[in-house]
Amino acid sequence: MADVPVEVKKVAPAQTNVPDVWHSFRSEMDRLFDRFSSGFGFPSLRRMFDVEPAWRPASSFSFAAPAIDMSEDEKVYKISAELPGIDAKDIDVSISGDMLVLKGEKRQEKEETNRDYHFSERSYGSFQRAFELPSSVDRNKIAADFSNGVLTITLPKTAEAQKPVKKIEVKSS
């Protein structure tokens, strides 16, 4: 049998408009493990298994969309966002159409000088979250309070929305 060289052409995979569900799932799982493990001082699990230079210092700066808690009672809706390390001046809460938009930016600078070295690190990150406002919100009375790294947005309900619910008797025949 003769050895005949065969030319192998590498063709890029066809582009599709289908979202990569597995990539999205892996990203979310990585984020979950990173949040879990960082609380105990362990290195990021992603960094342990991915190929990255071993000398790269792990930055203490990571900034994803903030954790949000939402609640409702008879009179108000409340949105609480955990924003540690951010100043009130770097937070923007606005209404655009039927959307409540929460934006923020975190800037961190670290500088260390020693006889043998000079270390300077700057990190920046921003986020934006948007929430559709229910029609029962009194838009003129929305308030935001920032205290101890937690932003609380209070969305009062309209007088009409606060009326007691009228029960309707269900009859069986």
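The rules behind these values
Residues numbered from 1 in each chain as written. Predicted model: local features only at pLDDT ≥ 70, side-chain atom pairs only at ≥ 80, totals over all residues. Heavy atoms only, no water. Helix = DSSP H or I, 4+ residues; strand = E, 2+ residues; numbered from the N terminus. Buried < 20%, exposed > 50% of the residue type's maximum accessible area, 1.4 Å probe, protein only. Areas by Shrake-Rupley, 256 points an atom, 1.4 Å probe, with all protein chains shown as cover. pLDDT = per-residue confidence, 0-100. Contact = heavy atoms within 4.5 Å. Core = buried A, V, L, I, M, F, W, Y, C linked by side-chain atoms within 4.5 Å. Salt bridge = Lys/Arg side-chain N within 4 Å of Asp/Glu carboxyl O. Pairing = 2+ DSSP bridges. Axes fitted to C-alpha atoms, helices over the stretch in contact; angles between N-to-C directions. Phe/Tyr/Trp six-rings, centres within 6.5 Å; stacked < 30°, edge-to-face > 60°. Lys NZ or Arg CZ within 6 Å of the ring centre and 35° of its normal. Polar contact = N/O pair within 3.5 Å; in protein donor to acceptor, adjacent residues only side chain to side chain.

S.K.: Is there a simple way to explain the overall build of the chain in this structure?
M.R.: Along its length, the chain carries three helices and seven strands. Overall, the chain shows an N-to-C arrangement of helices and strands of α-α-β-β-β-β-β-β-β-α. When each of the 173 residues of the chain is scored for burial, the buried share is 20%. Total accessible area on the chain stands at roughly 14500 Å², and carbon and sulfur atoms take up 53% of it.

S.K.: Is there a simple way to think about the confidence of the model for the chain in this case?
M.R.: Detailed reading of the predicted model is not advised wherever pLDDT is low. The pLDDT averaged across the chain works out to 76; a share of 71% of its residues lies at or above 70. Taken element by element, the predicted model of the chain shows its lowest mean pLDDT in helix α2 (residues 45-49) (46) and its highest in strand β6 (residues 143-147) (94). The model gives residues 44-62 a pLDDT under 50, and that stretch makes 20 contacts with residues more than four places away or in other chains.

S.K.: Just to check I follow, could you spell out the nonpolar core for this structure?
M.R.: The tendency in soluble globular proteins is for nonpolar side chains to be buried side by side. One finds I79, L83, L100, L102, L151 and L155 to be the most contacted residues of the largest nonpolar core, which totals 16 residues. Elements represented by at least two residues in this core include exactly β2 (76-82), β4 (99-113), β5 (118-132) and β7 (150-156). If near-sequence neighbours (up to four positions away) are discounted, L155 is found in contact with V76, Y77, I79, L100, L133, V137 and I142.

S.K.: What is the right way to read the environment of F131 from this model?
M.R.: The topology assignment puts F131 in strand β5. Along the sequence, F131 and V101 sit 30 residues apart, while their C-alpha atoms lie 6.5 Å from each other. With near-sequence residues (within four places) excluded, F131 lies in contact with I68, M70, I79, D98, M99 and L100.

S.K.: Would you mind going over the pattern of salt bridges with me for this structure?
M.R.: Side chains carrying opposite charge are able to pair once their charged atoms draw close together. Applying the stated criterion to the full structure yields nine salt bridges. Residue K89 pairs with D90 through a salt bridge whose shortest N-O separation is 3.6 Å. Using a relative accessible area of 65% as the deciding quantity, one classes K89 as exposed. On the basis of relative accessibility, which here comes to 16%, the residue D90 falls in the buried class. Note that D116 is salt-bridged to R115, the shortest N-O span being 3.9 Å.

S.K.: How should the sheet that holds β2 be read in this particular structure?
M.R.: The antiparallel open sheet is built from four strands, whose spatial order is β1-β2-β7-β6. Either end of the sheet is taken by a strand with one partner, and the two such strands are β1 (68-72) and β6. Across this sheet, the average inter-strand angle for adjacent strands is 15°, counted without regard to direction. Bridge analysis of β1 against β2 gives five bridges, and the strand direction is antiparallel. What sits directly across from D69, in β2, is S80.

S.K.: Got a minute to help me understand the packing of aromatic side chains in this structure?
M.R.: The geometry of an aromatic ring pair comes down to the distance between the two centres and the angle between the two planes. The full count for this structure, using the stated rule, is zero aromatic pairs. The positively charged end of K157 is found above the aromatic ring belonging to Y77, 4.9 Å away from the centroid.

S.K.: Would you mind going over the environment of H118 with me for this structure?
M.R.: Mapped onto the elements, H118 comes out in strand β5. Once you skip the residues sitting within four places of it in the chain, H118 turns out to touch E111, E112 and T113. A distance of 2.9 Å separates polar atoms of two side chains, one belonging to H118 and the other to T113.

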